[in-house]
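# Structural overview for review
One-letter residues, chain by chain:
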Amino acid sequence: MIQLTHNPIDFTLLTESVRSNQAGAVVLFLGTVREMTEGRQTVALDYDGFPEMAEAKLRELEAEARSRWPVIEAGIVHRLGHLELGDISVAVAVSCPHRHQAFDAGRYLIDRLKEVVPIWKKENWSDGSTEWVHPGAEPVKSQI
Amino acid sequence: MKTKLKLFAKARDLVGAAELELDLPESATVAELRTALGEHSPALQPLLASLLVAVGTDYASPTTRIGGRTDLAVFPPVSGG
């Protein structure tokens, strides 16, 4: 299951979708909206995405994971839109014959997702300001 | 040639539009697109060097010819997850 959605992620459904009698291990990763980042307080995140490309890249990542590990089933769901503290922004579920394969494949999928899938988050800070998160493109902070 | 592109995230906010049309030679590459974008929208200057370009649903390489394409997307580094 590869999906972008504006609705809350049903991670139970996602997890069930990768379960199999061939699997000895199922790993579920959830990314959730964190309150504190380097001393600053987040009140919400807004996620924007380029859906056609994001879905294509997620399918490529699933294929890459399948070429590296004996993945039985894999599922990735990413939420878009306005998310509050604690909300689930992304869920990755993987089943494999053995646990180390499932952990490694799941970690690969979420790590690569953060590098190549065209989705962006905008911070809504507690002081009322907003800020797109674009790693490597931030203004240089003064060293104090 | 008329070249159409979509903009996302901070790039869209800085330009103030979700889509743009630029006139580029057919042989134009990503580097020339960056230059043209900076001239069209000076507000993008601080972001230009980090902008990524996609053709269809694939990232363009520095040598990909993009002049005249209508399926381009331009956006800053991704931050999903």
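The structure reproduced in this document is the subject of the present report.

Right, let's talk about the sheet that holds strand S7 (residues 88-96) of chain A for a bit. Across a sheet, strands are paired by hydrogen bonds formed along the backbone, either parallel or antiparallel in direction. All names here are of chain A. One open sheet holds the four strands; their spatial order is S1-S5-S7-S2, and the pairing between them is mixed. Taken across any chain shown, the strands that pair with only one partner, and hence form the sheet edges, are strand S1 (2-5) and strand S2 (25-32). The average angle at which neighbouring strand axes cross in this sheet is 10°, direction not considered. Note that strand S5 (residues 73-79) and S7 share six bridges and pair antiparallel. In the strand pairing of S7, histidine 78 is matched with valine 90. The strands touched by helix H3 (residues 99-116) within the sheet are S2, S5 and S7, with S7 carrying the most contacts at an inclination of about 145°.

So, about the interface of chain B and chain A. Across the contact, 21 residues belong to chain B and 26 residues belong to chain A. Among the residues of chain B in contact with chain A, Val78(B), Ser79(B) and Gly81(B) are the three that bury the most area, contributing 30% of the side total. Summed over the shared surface of chain B and chain A, the result is three salt bridges. Here Asp58(B) and Lys57(A) are joined by a salt bridge, their closest N and O atoms 3.2 Å apart. Listed by contribution, the elements that provide at least two residues to the side of chain B that touches chain A are helix H1 (9-15), strand S4 (58-59) and strand S5 (72-75) of chain B. Among the elements that line the side of chain B that touches chain A, the one with the most residues is H1(B), at four residues. Considered class by class, the residues forming the side of chain B that touches chain A number 10 nonpolar, six polar and five charged.

This brings us to the side chain of Lys121(A). With respect to the helices and strands, Lys121(A) occurs in strand S8 (residues 119-125). One buried charged residue, Lys121(A), forms no salt bridge at all, with the nearest opposite charge on Glu123(A) at 6.8 Å. Engagement of the side chain of Lys121(A) in a polar contact is seen with the backbone oxygen of Ser79(B), the distance being 2.9 Å. Residues in contact with Lys121(A), not counting those within four places in the same chain, are Leu45(A), Asp46(A), Tyr47(A), Lys114(A), Glu131(A), Trp132(A), Val133(A), Ser79(B), Gly80(B) and Gly81(B).

Turning to the environment of Val94(A), a few remarks are in order. The residue Val94(A) is located in strand S7 in this model. A sequence separation of 93 residues divides Val94(A) from Met1(A), and the C-alpha atoms of the two residues are 11 Å apart.

Reading the values: rules and limits
Residues numbered from 1 in each chain as written. Chains lettered and ligands numbered in written order. Predicted model: local features only at pLDDT ≥ 70, side-chain atom pairs only at ≥ 80, totals over all residues. Heavy atoms only, no water. Pairing = 2+ DSSP bridges. Helix = DSSP H or I, 4+ residues; strand = E, 2+ residues; numbered from the N terminus. Axes fitted to C-alpha atoms, helices over the stretch in contact; angles between N-to-C directions. Contact = heavy atoms within 4.5 Å. Buried area = accessible area lost by both parts, 1.4 Å probe. Salt bridge = Lys/Arg side-chain N within 4 Å of Asp/Glu carboxyl O. Nonpolar A, V, L, I, M, F, W, Y, C, P; charged D, E, K, R; others polar. Buried < 20%, exposed > 50% of the residue type's maximum accessible area, 1.4 Å probe, protein only. Lys, Arg positive; Asp, Glu negative; His and termini not counted. Polar contact = N/O pair within 3.5 Å; in protein donor to acceptor, adjacent residues only side chain to side chain.

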